[in-house]
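What the coordinates show
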Amino acid sequence: MAKEKVDKAQMRINEENLQHKGAWLTKEVCEEYRKMAEDINKTDCQDIDKHKELRLELQNKYGLTQIEAINILNGNNIADYVNKYTRVRNRIPITKK
């Protein structure tokens, strides 16, 4: 029974790896985009178009979902997203104990 769960988890992570488009997310990339978002806020915090362009660039370049890109630009859950995409890149499934 436990082997079946491991196999399903491995199959799921392999599928995510195959479907991933773009470059792989790293902590440095997140920090760079976070800094760019902060710079936009310093000059004009009401400039929604620049934030949207930055979000779309992050999504398209690294294959992120919209909420993941928004959170990264806001500095939220960065370590979790880097961990997620590191696991996907290396095909390491989550195992429950």
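So, here is what we can say about the structure in this document.

Definitions and cut-offs
For every chain, the first residue of the written sequence is number 1, and numbering continues from 1 onward in sequence order. Totals for whole chains, interfaces and linings use all residues, but because this is a predicted model, local features are given only for residues with pLDDT of at least 70 and pairs of side-chain atoms are given and counted only at 80 or more. Computation of side-chain values: all heavy atoms of the structure, hydrogens and water removed. Helical segments are the DSSP runs of H or I of at least four residues, strand segments are the runs of E of at least two, and each set is numbered from the N terminus. Burial status follows relative accessibility: with a 1.4 Å probe on protein chains alone, a residue under 20% of its type maximum counts as buried, one over 50% as exposed, and anything between as partly exposed. By the convention used here, residues are in contact when the closest approach between their heavy atoms is within 4.5 Å. What sets the accessible areas is the Shrake-Rupley method with a 1.4 Å probe; for residues, cover comes only from the shown protein chains. Aromatic pairing here means that ring centres of Phe, Tyr or Trp (its six-membered ring) are within 6.5 Å. Orientation follows from the plane angle: under 30 degrees is stacked, over 60 is edge-to-face, and everything else is tilted. In the sections that follow, a salt bridge refers to a side-chain nitrogen of Lys or Arg positioned within 4 Å of a carboxyl oxygen of Asp or Glu. Here, nonpolar core means buried Ala, Val, Leu, Ile, Met, Phe, Trp, Tyr and Cys residues that are tied together by side-chain atoms lying within 4.5 Å of each other.

Here we look at the overall build of the protein
- Secondary structure summary: the protein contains 5 helices and 0 strands in total.
- For the protein, the succession of helices and strands along the chain, N to C, is α-α-α-α-α.
- Evaluated residue by residue, the protein yields a buried proportion of 30% over its 97 residues.
- Counting contacts in the protein only where the partners sit at least 6 residues apart, residues at least 24 apart contribute 58% of the total.
- Entry remark: accessible area of the protein is about 7000 Å², with carbon and sulfur atoms responsible for 51%.

Details of the packing of aromatic side chains
- As enumerated under the stated definition, the model contains 1 aromatic pair in all.
- For the pair Y33 and Y62, a centre-to-centre distance of 6.2 Å together with 85° between the ring planes defines the contact as edge-to-face. With a gap of 29 residues between them, Y33 in helix α2 (residues 27-43) and Y62 in helix α3 (residues 48-62) connect regions that are remote in the sequence. For the residue pair Y33 and Y62, the accessibility class agrees, reading buried in each case.

Some details on the pattern of salt bridges
- Enumeration according to the criterion identifies 4 salt bridges in this entry.
- Across the pair E38 and R34 runs a salt bridge whose closest N-O atoms are separated by 3.4 Å. Linking E38 with R34, this pair stays in helix α2, spanning 4 residues, or about one helical turn.
- Overall, the relative accessible area of 34% leaves E38 in the partly exposed class.
- The class of R34 is partly exposed, set by a relative accessible area of 21%.
- We note a salt bridge from D39 to K35, for which the minimum N-O separation is 3.4 Å. Of this pair, D39 and K35 both sit in helix α2, 4 residues apart, roughly one helical turn.

A look at the nonpolar core
- Of all hydrophobic cores here, the largest spans 17 residues; its most connected members are L25, Y33, L58, Y62, L64 and I72.
- Elements represented by at least two residues in this core include exactly α2, α3, α4 (66-74) and α5 (78-90).
- In terms of residue count, α2 provides more of this core than any other element does, 5 residues in total.
- Excluding residues that lie within four positions of it along the chain, Y33 makes contacts with L54, E57, L58, K61, Y62 and L73.

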